[in-house]
Amino acid sequence: MISILDVIGPSMIGPSSSHTLGAMRISKFVYNLFNSTPDNATFYLHGSFKDTYIGHGTGLALIAGLCGIATDDPAVSMADEISKRSGFNYEFKSIDLGDVHPNTVKIVATKNNITHEVIGSSLGGGRIKIISIDSISCQVTGELPTLVIENEDIPGALESIVRIISLNSVNIAQVSLSRISKGSKIANMILELDDELDNSIIENLRMLKIVKSMIYVKSLNYAS
C-alpha cells in the first residue's frame with residue numbers, strides 16, 4: 001500500500017528528507033526532552049552527516065530543531081541567527097559511532113546544569129530512530145509520547161509504573177530497561193506510549209517512591 005506521503009513527500013523545508021528533515025526531527029526530540037531550547041549543545045556528526053552537513057543543510061536543521069522551529073517553517077533557513085538571539089550556543093564535531101546508520105548524530109545538550117545525551121539516526125523520508133537516551137539503548141521513533149524514568153532497582157518497580165499507566169487506559173507500545181549491573185540500586189526505563197499522558201497521570205508517577213527522576217517527552221506530532 002502506498003500512502004500520499006510516499007507520493008508527495010513530507011511537509012518540510014529541504015533540501016533532503018534524510019539530511020534535513022530527519023536531522024531536524026532528531027534535534028526536535030532533544031528539544032522536547034528539555035521542553036525548551038537548551039543553553040548549549042554539541043552535535044557529534046557520524047558518517048554522511050559528517051561529510052555533507054553543510055551542503056545538505058543538516059547543520060541548520062539540527063540548530064532549528066533545538067530552537068523549537070517547526071519542520072515546515074521557512075525560519076529554518078535563519079536558525080543560526082535565531083539561535084544567536086536566544087543565547088543558544090552550539091558546536092559541531094566529527095565522530096565515529098561504529099556500526100550505526102550513516103545518517104547518525106549524537107547530541108549532548110545542557111540546560112540549567114542538566115545534561116542529556118541522545119543518539120539518533122535519520123532513516124529517510126523524515127523517519128528517525130532514537131537509539132540511545134542518556135546511555136540507555138532503545139528503539140524510539142519519536143512518533144509516540146515517551147517516558148524516561150530513573151528508578152530504584154527493586155522487584156515490582158516496572159509493575160508499579162505500568163499499573164498507573166494501564167489503569168488510565170493508556171497502552172504501552174514498547175519498554176526498554178537498563179541498569180549498570182546486578183545489585184545496582186538504580187535502574188532506568190524508557191516507555192513509548194500509544195497516547196499522550198494527562199498531567200494528573202504524570203504527577204501520580206512522579207509521586208511513586210521508586211521513581212528518582214522522570215522526563216515526559218511529547219510526540220513529535222503533538223500539537224499544543
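Anyway, here's the lowdown on the structure attached to this text. Given the structure is predicted, the values throughout are model-derived calculations rather than measurements. (Residues numbered from 1 in each chain as written. Predicted model: local features only at pLDDT ≥ 70, side-chain atom pairs only at ≥ 80, totals over all residues. Heavy atoms only, no water.)

1. Some remarks on the overall build of the protein
And then number 1: When helices and strands are tallied, the protein shows seven helices and ten strands.
And then number 2: Here the protein holds 224 residues, and the buried ones make up 45% of them.
And then number 3: Residue pairs at least 24 apart in sequence account for 67% of intrachain contacts in the protein once pairs closer than 6 positions are excluded.
And then number 4: A total accessible area of about 11300 Å² is found for the protein, and carbon and sulfur atoms account for 50% of it. (Helix = DSSP H or I, 4+ residues; strand = E, 2+ residues; numbered from the N terminus. Buried < 20%, exposed > 50% of the residue type's maximum accessible area, 1.4 Å probe, protein only. Contact = heavy atoms within 4.5 Å. Areas by Shrake-Rupley, 256 points an atom, 1.4 Å probe, with all protein chains shown as cover.)

2. Quick word on the packing of aromatic side chains
And then number 1: With the rule as written, the count across this model stands at three aromatic pairs.
And then number 2: An angle of 25° between the planes, with centres 5.1 Å apart, marks the rings of Phe43 and Phe92 as stacked. Remark: Phe92 occurs in strand E2 (residues 89-94) and Phe43 occurs in strand E1 (residues 40-46); sequence separation between them is 49 residues.
And then number 3: Residue classification places Phe43 among the buried residues on the basis of a relative accessible area of 0%. (Phe/Tyr/Trp six-rings, centres within 6.5 Å; stacked < 30°, edge-to-face > 60°.)

3. Some details on helix H7 (residues 199-206)
And then number 1: Residues Ile201, Ile202 and Leu205 constitute the buried set of H7. What you see down the axis of H7 is that its buried residues fit within an arc of 100°, all on one side. (Arc of directions from axis to C-beta.)

4. Focus on the pairing of strand E3 (residues 103-111)
And then number 1: Of all nine residues making up E3, seven are buried, and the element is well covered by its neighbours.
And then number 2: One ladder, built from seven bridges, connects E1 with E3; its direction is antiparallel. Bridging from a neighbouring strand, His46 pairs with Thr104 of E3.
And then number 3: Two elements, E3 and strand E4 (residues 114-124), share eight bridges in a ladder whose sense is antiparallel. Among the inter-strand pairings, Thr104 is bridged to a residue of E4, identified as Ser121.
And then number 4: Between the antiparallel neighbours E3 and E4 lie two residues, among them Asn112 with a positive phi of about 50°. (Pairing = 2+ DSSP bridges.)

5. Topic: unusual backbone geometry
And then number 1: Positive phi, normally seen in glycine, also occurs at Asn35, with a value near 65°.
And then number 2: Residue position: Asn35 is located in the loop between helix H2 (17-34) and E1.
And then number 3: With a relative accessible area of 59%, Asn35 lands in the exposed category.
And then number 4: Residues other than glycine seldom take positive phi values, yet Ser169 does so here, at roughly 60°.
And then number 5: You can see Ser169 is positioned in the loop between helix H6 (157-167) and strand E8 (172-179).

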